[in-house]
Amino acid sequence: MLGQGDMCGWGITCPVPSLPRRWLIVAALFVVTFGISIPLAAYGVFLPIIAETFGWSRGAISAALSVNLLLGGVTGFFVGRLADRHGPRVMLLLTIALAGTGFGLISTVGALWHLYVLVGLVAGTGMSSFYLLSTSTVAHWFPDRRGLAIALVLIGFNLGYMAAGPLAAWLIAHLGWRGAYAIIGFGCSAFALLAAATVRLPGPAERSSAAAGHASRAAAVGGVTLAHALGDSRFWCLSVSWLLLGGTLFMFSVHAVPFARDQGMTLAIAALALTAYGVGSVAGRLFAGVLADSLGTRPTLRVGYVVELAALGMLGVMPSPGMLLLAMTLFGFGAAATDNAVTKVIPDLFGLRAIGAIMGALSLGWRSGAALGPALAGFLYDASGSYAVAFWAAPGLVLISWGLVTLAIRPPSG
């Protein structure tokens, strides 16, 4: 894109290069994902404190987050369809405001059903948009370098996990858990709203400019309808694969801190597990973004899944603080690399015609897994007094996920 109005001599107005609009969109969406992910990531830090304060089980508290994720997935289907028709801005603003309100008002809870209303219903509706609208919007702006652009946006999600643990622990120590969640919920959503106000889809001229020189990818702009995608076996392979990945990821992100505390670690040390996960995730997304753009999706997925499986093997034992942090770093790297590669391939497979609705439908699978994983781990812990069963089942689920996504991206026969 070029700016106009600067004089270059002899009375001639010369165009002056300006920062491409699409990278400003990436920056805005990065702020959105960073801001809205912090109160979500902090839930695992507050979980054992809320359980001790009220005497509620970890499974019951985790189930409130399950309602959040399931409702967000169902709502996301409709949010994606509306964004396909009217653009992402209004839906982002509405849903971020709801998420901030739901998480901020956790500071007022006095009964278990309050958590289900605030975390499950209010924040669940609010959390429906930020992932699917961020990635689908980027897909419209980037027919080229899509893997890197998606990585830069979703790194905000991972940096939120890095910041959430230490931030929550510090605020709890100085303000108590109620004041801490009020600041995290309302404060983080405020700057996410400011960034969301600048987000839009490319105009016809911007879309043509972005697609220039990438005719094969530009052809995917037409894409398929949601109904056509639902009749494609690749859609269902991706959906179940994402379900298993979401369940594994959220199980460890929610229960890593309680697991570490069960091993005798302090809250401050245990909260660093989320930071370690965030560090690995940032590295994994950047790695996957660059590798997928240069070498393709298959080798990116292969590396991501292998690293993730190695990390899960380490987490299945009773780790020392150092081993826990290393394992969470590797787990973050592998999980982020696989997630980034899967997200990148969706518009490549189905095009952009109904990308919001298709992403919404696929994210329902991811969110269903993310909802079930923490709740099942919590209830298994309540029943056995240990995370061993849940943690040792995770590698098998990841292997199945790998097989399904490989089927989805296989080259067409003939």
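It should be emphasised that the depicted structure is a prediction, and the values quoted were computed from it without experimental measurement.

Student: Could you clarify how one ought to interpret the overall build of the protein in this entry?
Tutor: Helices and strands together make up the secondary structure of the protein, namely 16 helices and two strands. In the protein, which comprises 414 residues, the share counted as buried stands at 57%. Of the contacts made within the protein by residues no fewer than 6 positions apart, 84% connect residues no fewer than 24 positions apart.

Student: Help me understand empty space enclosed by the protein, please; the structure alone is not making it clear to me.
Tutor: Gaps left between atoms are located by rolling a probe of water-molecule size over the structure's atoms. Summed over the entire model, instances satisfying the criterion amount to six cavities of 30 Å³ or more. Estimates place the volume of the largest cavity at around 130 Å³. For the lining of the largest cavity, the secondary-structure elements that each account for two or more residues are α3 (58-86), α6 (130-141), α11 (233-262) and α15 (355-384). There is about 60 Å³ of room inside the second largest cavity. Along its surface, the second largest cavity is lined by Ala-83, Asp-84, Pro-88, Leu-133, Ser-136, Thr-137, His-140, Leu-201, Ile-355 and Gly-356. Mapped by element, the contributors of at least two residues to the lining of the second largest cavity are α3, α6 and α15.

Student: Whenever I open this one, the confidence of the model for the protein confuses me. Can you help?
Tutor: Averaged over all residues, the pLDDT of the protein equals 82, while 90% of them reach at least 70. Across residues 1-18, confidence stays below pLDDT 50; counting only partners more than four residues off in sequence or on other chains, it has 22 contacts. Contacts from residues 215-220, a stretch scored under 50 in pLDDT, to residues over four places away or in other chains number eight contacts.

Student: Just checking my understanding: could you explain the pattern of salt bridges for this structure?
Tutor: Two side chains of opposite charge can pair, provided their charged atoms sit close to one another. Using the criterion set out here, one finds four salt bridges in the structure. With its nearest N and O atoms 2.7 Å apart, the salt bridge here joins Arg-234 to Asp-232. Accessibility expressed as a relative area gives 13% for Asp-232, which makes it buried. Look at the salt bridges and you will find they share partners, linking Arg-146, Lys-344 and Asp-348 into a network.

Student: I keep staring at the environment of Gly-76 and nothing clicks. Help me out?
Tutor: Mapped onto the elements, Gly-76 comes out in helix α3. Placed 288 residues apart in sequence, Gly-76 and Leu-364 show a C-alpha to C-alpha distance of 7.4 Å. With residues up to four places along the chain from it excluded, the contact list for Gly-76 reads Ser-128, Leu-132 and Gly-360.

Student: Hey, could you run me through the packing of helix α13 (residues 297-315) against helix α14 (residues 321-350) in this one?
Tutor: Each pair of packed helices gets described by two things: the angle between the helix axes and the distance between those axes. Remark: α13 packs on α14, axes separated minimally by 8 Å, with the N-to-C direction vectors making an angle of 150 degrees. Comparing their axes, α14 and α13 come out roughly antiparallel. α13 and α14 meet at a crossing whose hand is left-handed. Class assignment for the residues of the contact of α13 with α14 results in 21 nonpolar, five polar and two charged.

Conventions and cut-offs
Residues numbered from 1 in each chain as written. Predicted model: local features only at pLDDT ≥ 70, side-chain atom pairs only at ≥ 80, totals over all residues. Heavy atoms only, no water. Helix = DSSP H or I, 4+ residues; strand = E, 2+ residues; numbered from the N terminus. Buried < 20%, exposed > 50% of the residue type's maximum accessible area, 1.4 Å probe, protein only. Contact = heavy atoms within 4.5 Å. 1 Å grid on protein atoms, 1.4 Å probe; cavity = no way out; pocket = protein on both sides within 12 Å on 5 of 7 lines; lining within 4 Å. Points joined across faces, edges and corners; volume = space filled by probe spheres on them. pLDDT = per-residue confidence, 0-100. Salt bridge = Lys/Arg side-chain N within 4 Å of Asp/Glu carboxyl O. Axes fitted to C-alpha atoms, helices over the stretch in contact; angles between N-to-C directions. Parallel < 35°, antiparallel > 145°, perpendicular 65-115°, else oblique. Left-handed = near helix turned anticlockwise from the far one by under 90°. Nonpolar A, V, L, I, M, F, W, Y, C, P; charged D, E, K, R; others polar.

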